[in-house]
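Summary of structural features
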Amino acid sequence: MSKKVITREEWERKLKDVKISKKDMNKLVMNFLVTEGFVDAAEKFWIESGTEPDIDLATITDRMAVKKALQSGNVEDAIEKVNDLNPTILDTNPQLYFHLQQQRLIELIRSGNVEEALEFAQEELVPRGEENQNFLEELERTVALLAFDDVKNCPYGELLDVSQHLKTASELNAAILTSQSHEKDPKLPTLLKMLIWAQNQLDEKAVYPRINDITAAILEDPAV
């Protein structure tokens, strides 16, 4: 079955028929800046575009302070700052609290405090692992780091990677946003994923000018 061929001229005409207001575009940009924590950029964009953010920008500064503390390995400070923001966040999210305590254990292992790490795991994490099988499995993987001399190159070395910091920080950031009645994920990346999905679906039925590089957003002529 042959595919329908849509020329660039026809495709651009169809795109022009889609009306998207400047106001809606500005809201998308502001949503991204607020959710990702770019407070200075959000303030500047507010002034330049007149697009008011839907939350107090001061709360972004507080949220980013929590994230910065966690990413720098100061988990206790991050927990304290979260509780200052809203003590119910950790009280109502046992998985997040476990992951923060797990990160504390990782930092102790990273710094070579073996005895303190074992004591902390026994007192703070083992009781939670006994109540939740998933927590127990994560705890076992983390404690297993102590069995290796070269922890960075052991089977569980990824727990010491920056990606582990980012994963926990992202989970914490989402929880804070949810507590503030704000979306935990920005809308813009979701729309881009929808664009990719829609193009993949259309590829099965037609040949058309396609956006292959999302960052450049340039239509490329169809290969007929």
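One structure accompanies this document, and this report is about it. Just so it is clear, the model here is predicted, and its values are computed rather than measured.

This part covers the overall build of the protein chain. Secondary structure summary: the protein chain contains 11 helices and four strands in total. Relative to the globule expectation of 17 Å for 224 residues, the C-alpha radius of gyration of the protein chain, 23 Å, shows a markedly less compact shape. Seen along its three principal axes, the alpha-carbon backbone of the protein chain occupies a region of about 70 × 45 × 30 Å. Per-residue burial for the protein chain yields a buried fraction of 33% across its 224 residues. When contacts within the protein chain are restricted to residue pairs at least 6 apart in sequence, long-range pairs at least 24 apart make up 53% of them. When the accessible surface of the protein chain is split by element, carbon and sulfur atoms take 52% of a total near 14100 Å².

One finds Leu105, Leu125, Leu139 and Leu145 to be the most contacted residues of the largest nonpolar core, which totals 16 residues. Here this core gets five residues from one element, more than from any other, and that element is helix α7 (residues 94–110). Leu125 has contacts with Phe98, Gln101, Gln102, Leu105, Phe120 and Leu139, leaving out every residue within four places of it along the chain. The next biggest cluster of nonpolar side chains, apart from the first, holds 15 residues, and it includes Ala78, Ile79, Ala169 and Leu172.

Let us now look at a negative patch on the surface. Negative charge collects at one region of the surface, where Glu115, Glu116, Glu119 and Glu123 lie side by side. Among the secondary structure elements, Glu119 is positioned in helix α8 (residues 114–131). In this structure Glu119 comes out as partly exposed when scored by relative accessible area, which is 48%.

Judged by side-chain polarity, Leu188, Leu191, Leu192, Met194 and Leu195 come together as a nonpolar surface patch covering roughly 380 Å² of accessible area. Its place among the elements puts Leu195 in helix α11 (residues 187–203). A relative accessible area of 31% places Leu195 in the partly exposed class.

So, about the pattern of salt bridges. Enumeration over the complete set of coordinates arrives at eight salt bridges. For Glu76, the salt bridge is made with Arg104, and the minimal N-O distance between the two is 3.3 Å. With Glu76 in helix α5 (residues 75–85) and Arg104 in helix α7, this residue pair connects regions lying 28 residues apart in the sequence. Take Glu76: its relative accessible area is 51%, and that puts it in the exposed class. By relative accessible area, Arg104 is classed as partly exposed at 23%. Between Arg110 and Glu107 there is a salt bridge, with its nearest N and O atoms 3.0 Å apart. You can see Arg110 and its partner Glu107 sitting in helix α7, three residues apart, about one turn around the helix. Taking relative accessible area as the criterion, Glu107 reaches 14% and is therefore assigned buried.

To continue, consider the environment of His182. Here His182 lies in the loop between α10 (162–179) and α11. When near neighbours in sequence (up to four residues on either side) are disregarded, His182 contacts Asn31, Val34, Thr35, Asp54, Ile55 and Leu177.

Our next topic: the side chain of Gln164. As for its placement among the helices and strands, Gln164 is situated in helix α10. When sequence neighbours within four positions are dropped, the list of residues in contact with Gln164 reads Gln102, Gln103, Ile106, Glu158 and Leu159.

What follows deals with helix α3 (residues 39–49). Those residues of α3 that fall on the buried side of the exposure criterion are Val39, Ala42 and Phe45. Within α3, the buried residues cover an arc of 120° as seen down the axis, which keeps them to one side. In this structure, α3 carries Asp40, Lys44, Ile47 and Glu48 as exposed residues pointing more than 90 degrees from its buried face. On its buried face, α3 sits against α2 (22–36) and α4 (57–71).

Thresholds, definitions, all that
- Residues numbered from 1 in each chain as written.
- Predicted model: local features only at pLDDT ≥ 70, side-chain atom pairs only at ≥ 80, totals over all residues.
- Heavy atoms only, no water.
- Helix = DSSP H or I, 4+ residues; strand = E, 2+ residues; numbered from the N terminus.
- Rg over C-alpha atoms; globule rule 2.2 N^0.38 Å.
- Buried < 20%, exposed > 50% of the residue type's maximum accessible area, 1.4 Å probe, protein only.
- Contact = heavy atoms within 4.5 Å.
- Areas by Shrake-Rupley, 256 points an atom, 1.4 Å probe, with all protein chains shown as cover.
- Core = buried A, V, L, I, M, F, W, Y, C linked by side-chain atoms within 4.5 Å.
- Patch = residues over 30% accessible without salt bridge, like charges linked within 9 Å, V, L, I, M, F, W, Y side chains within 5 Å.
- Salt bridge = Lys/Arg side-chain N within 4 Å of Asp/Glu carboxyl O.
- Lys, Arg positive; Asp, Glu negative; His and termini not counted.
- Charge placed at Lys NZ, Arg CZ, Asp CG, Glu CD.
- Arc of directions from axis to C-beta.

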